[in-house]
Amino acid sequence: MCQHQPTCPSAEATDREAAKVIACFREQGWSLLCNGVIIFEDTGELLPDGSCIAPHRGPARHALVA
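Residues numbered from 1 in each chain as written. Predicted model: local features only at pLDDT ≥ 70, side-chain atom pairs only at ≥ 80, totals over all residues. Heavy atoms only, no water.

Caption draft 1: Seen up close, the pattern of salt bridges. Under the counting rule described, the total for this entry stands at one salt bridge. One salt bridge connects Glu 45 with Arg 16, and the closest N-O pair in it is separated by 2.8 Å. Of this pair, Glu 45 sits in strand 4 (residues 45-46) while Arg 16 sits in the segment before strand 1 (21-25), and the two are 29 residues apart along the sequence. As far as the burial class goes, Glu 45 and Arg 16 line up, both buried. (Salt bridge = Lys/Arg side-chain N within 4 Å of Asp/Glu carboxyl O. Helix = DSSP H or I, 4+ residues; strand = E, 2+ residues; numbered from the N terminus. Buried < 20%, exposed > 50% of the residue type's maximum accessible area, 1.4 Å probe, protein only.)

Shown next as structure tokens:
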């Protein structure tokens, strides 16, 4: 699917989010990557096989106690 050089990570790779964005719909909160993964603003993902990855962002900065 990817035509980039070097080739972007596959949808099965742990670094799949590093693939290039080929379509961005900011007003709807999602982007399509060249490996077929749809990433959402809340950091959730929809993989090409239909499986989902739950949002996985870290804690908010204001929640960190110094």
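Caption draft 2: Expanded view of unusual backbone geometry. A cis amide bond links Gln 5 to the next residue, Pro 6, at an omega of -5°. When you line up the elements, Pro 6 lands in the segment before strand 1. The phi dihedral of Thr 43 falls on the positive side, at around 80°, and the residue is not glycine. Note that Thr 43 resides in the loop between strand 3 (38-40) and strand 4.

Caption draft 3: Examining the sheet that holds strand 5 (residues 52-53) more closely. An order of 1-2-3-4-5 is seen for the five strands of this open sheet, with the pairing classed as antiparallel. Looking at which strands have only one partner, the edges of the open sheet turn out to be strand 1 and strand 5. Strand direction decides the pairing type here: strand 4 and strand 5, joined by two bridges, are antiparallel. Across the sheet, residue Glu 45 finds its bridge partner in strand 5, namely Ile 53. (Pairing = 2+ DSSP bridges.)

Caption draft 4: Broad picture of the nonpolar core. Counting residues in each nonpolar core, the largest one holds eight residues, listed as Cys 2, Cys 8, Ala 11, Ala 19, Leu 33, Cys 34, Val 37 and Leu 47. When neighbours within four sequence positions are excluded, Ala 11 is seen to be in contact with Arg 16, Asn 35, Val 37, Leu 47 and Pro 48. (Core = buried A, V, L, I, M, F, W, Y, C linked by side-chain atoms within 4.5 Å. Contact = heavy atoms within 4.5 Å.)

Note that all results are geometric; they support no functional claim without further evidence.
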